[in-house]
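# Structural characterization, general
Chain residues, written in single-letter form:
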Amino acid sequence: MRKIAFALITLGLVVAAAPSMAASLVNESFGYANGNLVPNGGWANYSGANVDIQVVAGEATGGGAPNNANDDHILFAPQSLTSKTYACFDVRIPAVVGAPKAIYFAELKDGTATALVSRVYVLPLTSGGWTFGISNSSTSATVGVTPWGSALSFDTVYHLVINYDPATKTSSLWVNPVNEASTSVSNTNALVTNLAVAVSGFGLRQSNSASTLPASPSYAGTADWNWAVDNIGVGSSYLDACEIPTPAQPATWGGIKGIYR
């Protein structure tokens, strides 16, 4: 009897020692055959009817050169209007000649084609080069975008994190963060047509039309550009989105060691 009790206690300790699995809304690494992204993994078109986003060597690729039109999203359960939604992903911008057009290419959204929040841009810099940027929703001649604080490099993989706060109508952007306390930039727009959005999707966008932005600061670019995105995570917290664990292992010491990447 004591042997059985000891075995049960030991098993309980092993199970208790295993860290809880983080909740995740999306965990996408594009492990599909080369070709159209849709309908792999639940991805669907939400706008455009030209050339779909392509999977190439385990990345989603698209952009504005040439004029690809399809915009795709992956949906999940609508999130609360009182809590933030986070997304993290890797992105590489292939080199172009000249200053890139100011265009957004990724966003959080609802299930429609119009309620797009936490829009991520490539922005040309007047000093030369480019950087990423974030807007909380639509831009105009009077409603702008918040740039990342430094110039970035083409053909370099950057790890981006974004979040959307429906309570304050604010979106934030991190570039290569160590954790949520790392430097970020934010954009608040309380006058958007779409007020608080119950986020239920992550979208990838293709366009060669520059966004409408205020005249100052100037984001005057003329070059079409493309993007390559990989390793998308979405969750209701930074950790849920960006530190997604591997599937659970058997309850053994060896399995416990391999639970996290």
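Another aspect to go through is the side chain of Lys101. With respect to the element layout, Lys101 can be found in the loop between strand E7 (85–92) and strand E8 (103–109). By relative accessible area, which is 15% here, Lys101 ends up buried. Not counting residues within four places of it along the chain, the set of residues in contact with Lys101 comprises Val122, Pro124, Asn208, Ala210, Gly221, Thr222, Ala223, Asp224 and Trp225.

Here Val38 and Pro39 are connected by a cis peptide whose omega angle stands at 10°. Inspection of the secondary structure puts Pro39 in the loop between strand E2 (35–36) and strand E3 (44–47). Geometrically, the link from Ser216 to Pro217 is a cis peptide bond, its omega value of 0° lying close to zero. Turning to its location among the elements, Pro217 is positioned in the loop between strand E15 (201–204) and strand E16 (226–235). Look at Asn176: it is not a glycine, yet its phi comes out positive at around 50°.

Right, let's talk about the pairing of strand E6 (residues 71–75) for a bit. With four of its five residues buried, E6 lies for the most part within the structure. Summarising the sheet, E6 and E15 pair through four bridges and their orientation is antiparallel. Following the sheet pairing, His73 is matched in E15 by Gly203.

A few words now on the confidence of the model for the protein chain. Confidence in the prediction of the protein chain, expressed as mean pLDDT, is 86, and 82% of residues score 70 or more. Scored below 50 in pLDDT, residues 1–22 shows 18 contacts in the model against residues more than four places distant or in partner chains. Segment residues 246–261: pLDDT under 50, and 27 contacts once partners within four positions in sequence are set aside and those in other chains are kept.

What follows deals with the environment of Ser236. Along the chain, Ser236 falls in the loop between E16 and helix H2 (238–242). The exposure class of Ser236 is partly exposed, given its relative accessible area of 41%. Expressed as a C-alpha distance, the spacing of Ser236 and Gln79, which sit 157 residues apart in the sequence, is 8.0 Å. Not counting residues within four places of it along the chain, the set of residues in contact with Ser236 comprises Leu25, Gln79, Lys84 and Tyr86. A distance of 3.3 Å separates polar atoms of two side chains, one belonging to Ser236 and the other to Asp240.

Criteria and thresholds
- Residues numbered from 1 in each chain as written.
- Predicted model: local features only at pLDDT ≥ 70, side-chain atom pairs only at ≥ 80, totals over all residues.
- Heavy atoms only, no water.
- Helix = DSSP H or I, 4+ residues; strand = E, 2+ residues; numbered from the N terminus.
- Buried < 20%, exposed > 50% of the residue type's maximum accessible area, 1.4 Å probe, protein only.
- Contact = heavy atoms within 4.5 Å.
- Pairing = 2+ DSSP bridges.
- pLDDT = per-residue confidence, 0-100.
- Polar contact = N/O pair within 3.5 Å; in protein donor to acceptor, adjacent residues only side chain to side chain.

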